[in-house]
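Working through the structure, step by step
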Amino acid sequence: MKKKVILLILSLLYIPIWGLLLLDATTATDWSRFIALIYAVISGYYIHQADFFKEIKRKSLYVYLFPCFYLGAFYVLTPLTYYNLLLNPILWAFLGLTMGRYLNALNPKSLFFIGLAGYFYAYHVHPTYEELGTETLFDVNAIEEKDLKWNYPLSNYQFENHKKDTFQLSTHKPFILLETWNEQCPPCIAAMKSLQPLLDTLSSVVDHYYLYENGGAKMYSTKHTLYNYERIHDKTKILMDVDNKLFVETQMKSFPYFLLFDNKGNLIDYFKGYDERHQDYFINRIKKMVHPTHLDSE
């Protein structure tokens with residue numbers, strides 16, 4: 001019985017490992033996908049070869065229980081298209097686990113072919129999978145939906161900075177750009193990395209701030225942690241919405257929002273969301289907000 005429980009735990013561990021290394025927006029990379037696929041093959045080999053588990057009847061039932069559940073959940077929760085059916089990373093990890101089961105030995109030749117298969121998927125197949133997926137998942141209408149209930153000028157709201165000072169936002173520059181974020185929001189984190197070079201070039205006309213919103217719920221992190229958030233290099237740009245008043249009154253539904261104001265505090269334009277696979281779209285969208293007559297041709 002003890003050995004069966006251990007086998008079930010090993011099976012269960014595939015879910016967080018594959019989730020973090022294959023799917024998670026903040027941790028999954030080409031390299032992590034390569035590692036995950038190699039791990040699936042080698043772990044499958046050792047589980048089926050281990051003397052510790054050899055006497056267990058229907059051993060494969062225990063090994064495949066949670067990987068099968070994870071793969072099935074993926075197909076239920078994603079659009080049923082050919083690229084999701086055949087190219088998704090969970091399927092390839094599942095196939096890697098199965099390949100490991102039938103390996104006769106781990107030697108330089110088999111390791112070479114395992115590494116080649118992992119490299120081929122991570123660096124060639126998966127980029128194609130992501131590209132095909134964005135053709136249907138990227139919804140400009142959702143990004144441009146005007147869903148905020150904006151009834152007051154920016155001067156109606158108070159903000160707190162990294163010094164814990166409370167104040168109203170103002171500027172001598174033509175614009176203020178508020179980029180809302182939350183540390184639990186992968187698109188927010190991706191936007192911080194991808195859009196900063198553009199925002200640096202606009203610094204002569206735009207005061208840009210990262211406005212932390214917790215969605216009206218209890219904060220996930222301490223203020224000290226958030227004011228020293230490692231992905232934001234200039235800590236003076238980090239602000240907090242005092243009492244979540246702006247978030248609640250405008251009825252924000254997600255993160256991030258990109259809100260552009262003139263220097264009198266009037267909301268000029270905004271959009272919501274970010275998808276790093278369409279970085280050029282968002283770069284041009286911000287340029288168009290600040291310079292309506294100019295849209296980069298890229």
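First things first, this report covers the structure right here in the doc. (Residues numbered from 1 in each chain as written. Predicted model: local features only at pLDDT ≥ 70, side-chain atom pairs only at ≥ 80, totals over all residues. Heavy atoms only, no water.)

Its 22 residues place the ends of helix H1 (residues 2-23) 31 Å apart at the C-alpha level, agreeing with the 32 Å of an ideal helix rising 1.5 Å per residue. The axis of H1 is deflected most strongly, by about 25°, at Ile 17. What H1 keeps buried is the set Leu 7, Ser 11, Tyr 14, Trp 18, Gly 19 and Leu 22. At its buried positions, H1 is contacted by helix H2 (30-49), helix H3 (59-77) and helix H5 (89-102). (Helix = DSSP H or I, 4+ residues; strand = E, 2+ residues; numbered from the N terminus. Expected span 1.5 Å × (residues − 1). Bend = angle between axes of the 7 residues up to and from the residue. Buried < 20%, exposed > 50% of the residue type's maximum accessible area, 1.4 Å probe, protein only. Contact = heavy atoms within 4.5 Å.)

Within the secondary structure, Gln 196 is located in helix H8 (residues 186-201). With relative accessibility at 17%, the residue Gln 196 sits in the buried group. The contacts of Gln 196, once residues within four sequence positions are left out, are Ala 191, His 208 and Tyr 210.

This part is about the packing of aromatic side chains. Counted by the stated rule, this structure contains 21 aromatic pairs. Centre to centre, the rings of Tyr 257 and Tyr 270 are 6.3 Å apart; their planes meet at 40°, and the pair counts as tilted. Of the two residues, Tyr 257 sits in strand S6 (residues 257-262) while Tyr 270 sits in strand S7 (residues 267-272), which places them 13 residues apart along the sequence. Both rings, one in Phe 258 and one in Phe 271, keep their centres 4.8 Å apart while their planes meet at 15°; by these two values the pair is stacked. Of this pair, Phe 258 sits in strand S6 while Phe 271 is found in strand S7, placing the two residues 13 residues apart along the sequence. (Phe/Tyr/Trp six-rings, centres within 6.5 Å; stacked < 30°, edge-to-face > 60°.)

Now for the state of the cysteines. All told, the structure shown has 1 disulfide when counted by the stated rule. In this model, Cys 185 is linked to Cys 188 through a disulfide, with the two sulfur atoms separated by 2.3 Å. Between Cys 185 and Cys 188, the S-S dihedral sits near 80°, and the bridge is therefore right-handed. Using a relative accessible area of 1% as the deciding quantity, one classes Cys 188 as buried. (Disulfide = S-S within 2.5 Å.)

Turning our attention to the pairing of strand S3 (residues 175-181). With 7 of its 7 residues buried, S3 lies for the most part within the structure. The alternating pattern of S3 places Phe 175, Leu 177, Glu 179 and Trp 181 on one face and Ile 176, Leu 178 and Thr 180 on the opposite face, and all of these are buried. As defined by bridge partners, S3 adjoins strand S4 (residues 206-212) across 7 bridges and the pair is classed as parallel. Residue pairing across strands places Trp 181 opposite Tyr 212, the latter belonging to S4. With H8 bridging S3 and the parallel S4, this β-α-β connection has right-handed handedness. One ladder, built from 5 bridges, connects S3 with S6; its direction is antiparallel. Its bridge partner lying in S6, Leu 177 is registered against Leu 260. (Pairing = 2+ DSSP bridges. Right-handed = clockwise from strand over helix to strand, strands pointing away.)

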